[in-house]
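# Per-entry structural report
Residue strings, one per chain:
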Amino acid sequence: MLNKFGLWKKPANSSTLRDKIEEIKESPIPEHVAIIMDGNGRWAKKRALPRIAGHHEGMKVVRKTTMLANKLGIKSLTLYAFSTENWKRPKNEVEYIMKLPEEFLGTFLPELIENNVQVKMMGYKDQLPSHTLHAIERAVEETKNNTGLVLNFALNYGSRAEILDAVKQIIKDNKNGILKETELNEEVFSSYLMSSDFSDPDLLIRTSGEIRLSNFMLWQLAYSEFWFTDVLWPDFNEEYFLEAIEAYQKRQRRFGGILS
Ligand code: FPP
């Protein structure tokens, strides 16, 4: 295995990984982890492969990350798979990404069910190809009673549009007498967002060395801990994920207050 500097790195054997997981589980685990999975294109380019090869490799990392999150006892894992701005990409790339949920769920849904994982999606469903939406809706339906990790795909998701839509709905509800101005607070506002079923992410991970939010969960990430890595998403393995969780466990979250 090559590390991010291209140097040989001894892979962690499964017992080392198991020990590490147990050690990490002794400290508080983030309830909700959100990930901006970035760098698939660059990963492919480095290997003179088409960009879609990077997305395919990235899909495999989704599986491993999901399984580890479940083992760690993380309650929700939100993965930014496609933004409302990603439609600007070449047609063949968009079409390929839209096929990935079918391939992923077609292959791994039995494993997700076996591991008690619940699948959810947040994003604008109307513009998704019907084959993409059907694959996701089927997985949502088949896993709805599962009680383990919630695997939440942010697909055709954009935070500014989500916030604007929430504001429009609040105005309507206010006009119709459903919501009084005095009743509107941060908690009520959150309930109008697509993430209303989830607590705010405790930890945000972004791969590939880009240090920005790219229109992802702008409201929800207000007090999240951020962890950035230069590692490209297809190279993001269990060790890096554990490194991010460990870094989170060392942070002191103050939520604007002071430590007592
Ligand atoms: C960003 O990397 C990645 C995406 C826009 C797609 C992410 C999709 C996956 C990881 C697979 C998702 C799997 C399922 C099951 C939905 P980039 O293409 O922007 O990389 P670059 O910045 O290096 O070009």
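Identification of the protein chain as Isoprenyl transferase from Neobacillus cucumis is taken from an unreviewed UniProt entry. Heading Sequence similarities (unreviewed entry) of the UniProt record for the protein chain holds this comment: "Belongs to the UPP synthase family." UniProt, in its Subunit (unreviewed entry) section for the protein chain, records the words "Homodimer."

## Quick word on the pattern of salt bridges
Counted under the stated rule, the structure contains 15 salt bridges. Notably, a salt bridge pairs Arg42 with Asp38, separated by 3.5 Å at the nearest N-O pair. Residue Asp38 is classed as buried on the basis of its relative accessible area, which comes to 17%. For the salt bridge of Arg51 with Glu93, the shortest nitrogen-to-oxygen distance reads 2.7 Å. Placement of Arg51 in helix 3 (residues 51–72) and of Glu93 in helix 4 (residues 91–114) is noted, with a sequence separation of 42 residues between them. Owing to a relative accessible area of 3%, Glu93 belongs among the buried residues under this scheme.

## Focus: the confidence of the model for the protein chain
Any residue range with low pLDDT should be treated as having predicted coordinates unsuitable for detailed reading. Here the protein chain averages 95 in pLDDT, while 95% of its residues score no lower than 70. Mean pLDDT values for the elements of the protein chain range from 92 in helix 1 (residues 14–24) up to 99 in strand 1 (residues 32–36).

## Notes on the layout of surface pockets
When its volume is computed, the largest pocket comes out at roughly 690 Å³. In terms of lining, the largest pocket is formed by 30 residues, of which the most central are Met37, Tyr80, Ala81, Phe82 and Asn86. Mapped onto the lining of the largest pocket, the elements with two or more residues apiece are helix 2 (40–46), helix 3, strand 2 (76–83), helix 4 and strand 4 (150–157). The dominant element in the lining of the largest pocket, judged by the number of residues it contributes, is helix 3, at 5 residues. In terms of residue class, the lining of the largest pocket is made up of 14 nonpolar, 9 polar and 7 charged.

Rules used in this analysis
Residues numbered from 1 in each chain as written. Predicted model: local features only at pLDDT ≥ 70, side-chain atom pairs only at ≥ 80, totals over all residues. Heavy atoms only, no water. UniProt positions renumbered as here; feature names shortened; annotations may be inferred. Salt bridge = Lys/Arg side-chain N within 4 Å of Asp/Glu carboxyl O. Buried < 20%, exposed > 50% of the residue type's maximum accessible area, 1.4 Å probe, protein only. Helix = DSSP H or I, 4+ residues; strand = E, 2+ residues; numbered from the N terminus. pLDDT = per-residue confidence, 0-100. 1 Å grid on protein atoms, 1.4 Å probe; cavity = no way out; pocket = protein on both sides within 12 Å on 5 of 7 lines; lining within 4 Å. Points joined across faces, edges and corners; volume = space filled by probe spheres on them. Nonpolar A, V, L, I, M, F, W, Y, C, P; charged D, E, K, R; others polar.

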